[in-house]
Amino acid sequence: MATLVQVEDLSKEFGNVRALAGVSFRVEAGEWIAIMGPSGSGKTTLINILGGLDTPTSGQAIVDAVDVGRLDESGLTRFRAQKIGFIFQQFHLVPYLTALENVMLAQYFHSTTDEKEAREALERVGLGDRIEHLPGKLSGGEQQRVAVARALINHPKLILADEPTGNLDEANEETVIQLFHDLHCEGHTILMVTHAASIGRLADRRIEFAHGRLVQVPESLKFST
Amino acid sequence: MFWRLLWKLLRGSSGRLVVAILALVSGGLVVSALLNLEFDIERKLTQEFRMLGANLVISPGRDAQMPGVAPPALMNERDAFAAIQNMKDPAVVAAVPFLYIVERGGGTPVVVVGTKMEDLPKLEPSWRIEGQWSSSRDNQIPCVVGRNVAQQLRLAVNNPLDLTYLGKSARVTVTGILDTGGAEDNQIFMQLPEVQSLAGFPGEIGLVQLSVRGATKAISDYAARLGTALPAYEVRPIRQVTEAEGDLLNRIRLLIVSMVLLILALTALCVLATMAALAMERRHDVGLMKALGGSIARIVALFMAEVGVLGAAGGFVGSILGIELSRWMGQRVFGTAISARWEIFPLTVALMVAVALAGALPLRLLGKVKPAVIFRGE
C-alpha cells in the first residue's frame, strides 16, 4: 500500500499553548485510523491541519504528496475541495438548505453540481426519503448521514471525521459506524477522532494523543478488521 | 446551483433582510420621486414662469430711439413676424405685436394699445378679464379697457366708446374689462389694424413681446439668433424674468441633488447596519463553505449577488412608488401631474444596487473567516 498521509515532527502552537509537539506518523492508503486521547490532547488540531483548515507552526503534514503547510489560501481551498471529505461532530449542515442541497453545495464548490449523483449519495446512506428535508427536520443520526454523503460526494482521497458519533444516540451511532465500516471496506482512507474505545477497536490502527504528543501504542493493542 | 443558493439565502434570512429591503424601497421611492421631479422641473418651472408673461422683447434699434430721430420709433410688422416664423422654434409660446398711442379725445389722456387681442391670453395667462377679448358681432370694433379706465370713464361691458386721435375718430364697443394689477389697468386694448389705421401707421408696430419656453441659456441663444435675423431691431431677454427663472431652477436642482445624495447615504448606512448583523450570523455558514472548498471569491460573490438582488428589487419597487409620489408632489406644488420619466427606472435600480453593494461592505469581511476558528467556537 502507498503512503497517503505522512506527518513529520508536526507542531502547532496557539500563543503560549502547544497543541501539537513534534508528532510523526504515517497512514497508508485504505487504512482506517482511530485517533484517540483526552480532550485538549491535540486530536482536532491534527485533523484541522491535515484537512487544510489550519496551518502547522513547524514540521510537515503531507497528504497525497501535497505539503499542506506550504499551501497559500487559494491552494488550501483547492486542496480541501479536491482531496478532503470532512465529517464533524456538530454535523455542520447549512440550516436553510435541504439534505440534497447540502450535498450539492460540496459539489458546487468542487466543480459542477450533479443532482442525480447527490440523490444517489443520500440514498446510499439510507436517506432516499429525506432528500428534500431541511436539517431541522432530520434526527441527529440522519443529519450525520447527510454529512457523510456530503463528505463522499467528491470522491475525496482522505475522509477526516472529528467525533462523528459524539452527538448521536446508540442506535444512530451504530448506523453511522456501519457506514464508516462500509466505506473502509470499499477502500476509503479514514482518520477518525473518537473517544469511544468500542469504535476505536473497529479501526485498523489506533493513534493515541496526550498533551499534544503521540503516545506509543503497543503492537499488541492494534486492532484489525 | 448559484441561483438555488441565492434563493435559499434570501429566504433563509428573510427576517433580517426585511429591514434592508424596506430601507432600499424607501430610498428608491424618495430618490426616484426626486429624480423624476428633477427631470421635469425645468418644464414645469418654465410653464410657471410663462404665467408671468413675456420674457423677450423686440424693439426698434437703439439708433432709432436716439433723441432727435424722427417720431415715433417703429418697426415693420411683416419683417419682424417673418423673422419669427422663419425660426420655426417650437419653444415660442406666443409672439404678440404692440402699437401704443395716447388718445386725448375724451379730455383725459389714455394709452391705447393696438395688439392681437386673441393672442394676449397666451402671452399673459395671469391676466383676468371680465367679458371677452373679441366681439361676437362683425359690425362692432371690440376693445378691452383696463379697470381704472372703466372706473374713470364709467364704462361697462357692451358700452360704446368714442376714441379720437389726431383728428381721426372711431366708435368702439367695450367687450371686456381687464384687471392685471399693473399699468394695463390704465390702458385700452384694441385690435392692431384699428390702432394702426387710427394712428396712421399701417403695417407698423412699436414692439413685439414674446413668451419663450426654456432655460436662461436657451432663451439667450434664441434671442441672439433672432437678433441676427433682425439686425435693424433690438432683441433682448427681459433679464429679471429669465435670470430669476434660471436662478430658481439652479437652486431647486441643487436642493434635489443634495437630497438624493443624503437619501443614498442614509440608505447605505441602514443597509450597512443590517449587513453587519447578518455577517455575524453567517460566519458559521461561511466557515463551513470554506471548509467544503469554497473559494473566497465564490462565497463573497454569492453574498454580493444576494445584496444586488435586494438592491434591484428595492430600486424597482421604490421607483414605481416614487413616480407615483412625484405625480402627487407635482399636483400639490404645480397643480399638474409630473410626467413619468421611464429612464428613472433603470437609474433608480442602478443607484439602489450601488447603495446596497456599498452597504454590504461588512459581508466582504466574511472572506477573512477561518473555518478552524469558527468550528472551535471562537
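Here the structure is a predicted model, which is why all the values come from computation and not from measurement.

Visitor: I would appreciate a short explanation of the overall build of chain B in the present structure.
Guide: Per the secondary structure count, chain B includes 12 helices and 12 strands. Put simply, chain B has 378 residues, and 48% of those count as buried. Element-wise, carbon and sulfur atoms account for 59% of the exposed surface of chain B, whose accessible area totals about 18,000 Å².

Visitor: Explain the interface of chain A and chain B here, please?
Guide: How big an interface is tends to be expressed through the accessible area that disappears when the partners come together. Taken together, the contacts link 27 residues of chain A with 25 residues of chain B. Three residues stand out in chain A for area buried against chain B, namely Y96, Y108 and F109 of chain A, and they jointly supply 32% of the buried area on that side. Linking chain A with chain B are four salt bridges. In this structure, the connection of chain A to chain B is made through seven residue pairs in polar contact (both at pLDDT 80 or more). Residue assignment for the side of chain A that touches chain B shows that the elements contributing at least two residues are α2 (73-83), β6 (84-88) and α3 (99-110) of chain A. The element best represented in the side of chain A that touches chain B is α3 of chain A, accounting for six residues. The class makeup of the residues in the side of chain A that touches chain B is 15 nonpolar, six polar and six charged.

Visitor: Where do I start with the packing of aromatic side chains in this structure?
Guide: The description of an aromatic ring pair uses the distance of the two centres, along with the angle that the planes make with each other. The full count for this structure, using the stated rule, is nine aromatic pairs over all chains. Clustering of aromatic rings is evident, with ring pairs tying together W127, W133 and F189 of chain B. The ring of F81 of chain B has K116 of chain B lying over it, and the distance from NZ or CZ to the ring centre is 5.0 Å. A cation sits over an aromatic face here: R298 of chain B above Y108 of chain A, 4.1 Å from the ring centre.

Visitor: Would you take a moment to explain the pattern of salt bridges for this structure?
Guide: Any two side chains of opposite charge can pair if their charged atoms end up close together. Counted according to the given criterion, the structure contains 21 salt bridges over all chains. In this structure, E120 of chain A engages K116 of chain A in a salt bridge whose closest nitrogen and oxygen atoms are separated by 3.1 Å. A residue pair is termed a helical-turn pair when its members lie 3 or 4 positions apart in one helix, as E120 of chain A and K116 of chain A do in helix α4 (residues 115-124) at four residues. In this structure E120 of chain A comes out as partly exposed when scored by relative accessible area, which is 40%. For the salt bridge of R147 of chain B with D179 of chain B, the shortest nitrogen-to-oxygen distance reads 3.2 Å. On the criterion of sequence distance, the pair formed by R147 of chain B in helix α5 (residues 147-153) and D179 of chain B in strand β8 (residues 168-179) is long-range, its members being 32 residues apart. Connected through salt bridges with shared partners, the residues E101, E115, R119 and E132 of chain A together with R4 and K8 of chain B form a single ionic network.

Visitor: What should I look at first to understand the environment of R225 of chain B in this one?
Guide: All names here are of chain B. Tracing the backbone shows R225 in helix α7 (residues 216-229). Using a relative accessible area of 42% as the deciding quantity, one classes R225 as partly exposed. Setting aside chain neighbours within four positions, we find R225 in contact with M87 and D89.

Reading guide: rules and limits
- Residues numbered from 1 in each chain as written.
- Chains lettered and ligands numbered in written order.
- Predicted model: local features only at pLDDT ≥ 70, side-chain atom pairs only at ≥ 80, totals over all residues.
- Heavy atoms only, no water.
- Helix = DSSP H or I, 4+ residues; strand = E, 2+ residues; numbered from the N terminus.
- Buried < 20%, exposed > 50% of the residue type's maximum accessible area, 1.4 Å probe, protein only.
- Areas by Shrake-Rupley, 256 points an atom, 1.4 Å probe, with all protein chains shown as cover.
- Contact = heavy atoms within 4.5 Å.
- Buried area = accessible area lost by both parts, 1.4 Å probe.
- Salt bridge = Lys/Arg side-chain N within 4 Å of Asp/Glu carboxyl O.
- Polar contact = N/O pair within 3.5 Å; in protein donor to acceptor, adjacent residues only side chain to side chain.
- Nonpolar A, V, L, I, M, F, W, Y, C, P; charged D, E, K, R; others polar.
- Phe/Tyr/Trp six-rings, centres within 6.5 Å; stacked < 30°, edge-to-face > 60°.
- Lys NZ or Arg CZ within 6 Å of the ring centre and 35° of its normal.

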